[in-house]
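Residues per chain are reported as follows:
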Amino acid sequence: MQWINRFRRIKIVLITCAAIIAGVSLFVSDRLVTDLKQEELRKMQVWAEAMRSLNSADENTDLNLVLTVLDGNNTIPVIVTDSKGAINNYRNISIDADEDTLAVLHGLVSGMRESGNIIRIEMGSYAPDDYIEVCYSDSLILTQLAYYPYVQLMVAIVFFLVCLIAILSSKRAEQDRVWVGLSKETAHQLGTPISSLMAWTEVLRDKYPGDELLPEMEKDVTRLRTIAERFSKIGSAPEPQSDDLIELLERVVTYIKRRSSNKIQFVCHFTKRPLYVRMNSPLMEWVIENLCKNAIDAMNGEGTITINVTQSDEKAIIDFSDTGKGIPKSRFAAVFEPGYTTKKRGWGLGLSLAKRIMEQYHKGRIFVKNSELGKGTTFRIELKK
């Protein structure tokens, strides 16, 4: 569980860093937008004053400075209207040739008024309605800058997700290498004593041919050899073959029955035999054994295990139900994580390996169908026919 806790801490650090970066970026961008907006307001006030000077000029007025100011606005869209709403002039606004110019301009003026981007200039006469209005909108640069923090936020989110996926993939690959190495080393270490035990059973058979315990010993040695073979297959890609699922289930149940308490009852509901599916029999036996043993542990050695097999046109479905202590709904996915266990003894690898065997080697599924605390749990396996 140590690497899981470390990974969670890394996720928290990444989320915190992403949040800080996004917050700082939004704050700085908002300040820049506010400052630039104020700067554009001052520019438009100067431009509006120049427009007033132009409209009130006589033959003795020097218009060089006024025209320079007016021509200097090449970025801010602006529309000049009179007191009656008629449009006198406009700048930095592009209108398509097939559009109604006045309709477009009046629509833009309405939007500018709603935004409060309007400057009224009195013309200096005594008439109360002698004024012009300079309506303007944000420049293209200001508009782009207003959206920039959101773009930054999206980039930060994408960056965080990419880092998270990379870390998760790295951790998963590291886990896989550890479990594969551990499995192959276990199979290698078991090989020598199993070969020795097989030789000793041959010696005992020759010396005590009528001993009733020898067949059972041979079965256990054969079982050890099968287990070693399973471990050796982890990490490789065993080729699934068509095999009878019902026969395999009966074989595993018979084996588990002989080695479990009489207080454990097995109830099997099988469809018509044979039920052929594509599977690797030694690995599939391992999965079923793990589910049965976990069920026995969950029931503390006393209860009922029900195995129900159904089928559809495309797949076979196996439900393993027990009458144990159950699993909280929040832990349905966690039970398949490496290292997760509720037992005092155990590495928490059984269900993790079972999930790997089902999904990677058989292209099937294994999941917690339902569970109720104090009443029991049902695991479901789905296999292609």
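Above: the structure in question.
Residues numbered from 1 in each chain as written. Predicted model: local features only at pLDDT ≥ 70, side-chain atom pairs only at ≥ 80, totals over all residues. Heavy atoms only, no water.

Draft legend 1. Structural view of the packing of aromatic side chains. Enumeration according to the criterion identifies one aromatic pair in this entry. Ring geometry for Phe-336 against Phe-379: centres 6.1 Å apart, planes inclined by 85°, an arrangement best described as edge-to-face. With Phe-336 in the loop between β9 (315–321) and α8 (350–361) and Phe-379 in strand β11 (residues 376–384), this pair connects stretches of sequence that are 43 residues apart. The ring of Phe-336 has Lys-355 sitting right over it, with the charged end atom 5.1 Å from the ring centre. (Phe/Tyr/Trp six-rings, centres within 6.5 Å; stacked < 30°, edge-to-face > 60°. Helix = DSSP H or I, 4+ residues; strand = E, 2+ residues; numbered from the N terminus. Lys NZ or Arg CZ within 6 Å of the ring centre and 35° of its normal.)

Draft legend 2. Expanded view of the environment of Gln-45. Tracing the backbone through its elements, the reader meets Gln-45 in helix α1 (residues 2–55). Accessibility expressed as a relative area gives 43% for Gln-45, which makes it partly exposed. Each C-alpha atom of the pair Gln-45 and Ile-119 lies 7.2 Å from the other, and the pair is 74 residues apart in sequence. (Buried < 20%, exposed > 50% of the residue type's maximum accessible area, 1.4 Å probe, protein only.)

Draft legend 3. Molecular detail of the packing of helix α7 (residues 281–298) against α8. Axis separation between α7 and α8 bottoms out at 9 Å; the angle between their running directions is 145°. With respect to the hand of their crossing, α7 and α8 are arranged in left-handed fashion. Of α8, the residues touching α7 (which contributes Leu-283, Met-284, Trp-286, Val-287, Asn-290, Leu-291 and Asn-294) are Gly-350, Leu-351, Leu-353, Ala-354, Ile-357, Met-358 and Tyr-361. In terms of residue class, the contact of α7 with α8 is built from eleven nonpolar, three polar and no charged. (Axes fitted to C-alpha atoms, helices over the stretch in contact; angles between N-to-C directions. Left-handed = near helix turned anticlockwise from the far one by under 90°. Contact = heavy atoms within 4.5 Å. Nonpolar A, V, L, I, M, F, W, Y, C, P; charged D, E, K, R; others polar.)

Draft legend 4. Representation of a negative patch on the surface. The grouping of Asp-96, Asp-98, Glu-99 and Asp-100 at the surface amounts to a negative patch. For Asp-100, the position within the fold is in the loop between β2 (87–91) and α3 (101–115). (Patch = residues over 30% accessible without salt bridge, like charges linked within 9 Å, V, L, I, M, F, W, Y side chains within 5 Å. Areas by Shrake-Rupley, 256 points an atom, 1.4 Å probe, with all protein chains shown as cover. Salt bridge = Lys/Arg side-chain N within 4 Å of Asp/Glu carboxyl O. Lys, Arg positive; Asp, Glu negative; His and termini not counted. Charge placed at Lys NZ, Arg CZ, Asp CG, Glu CD.)

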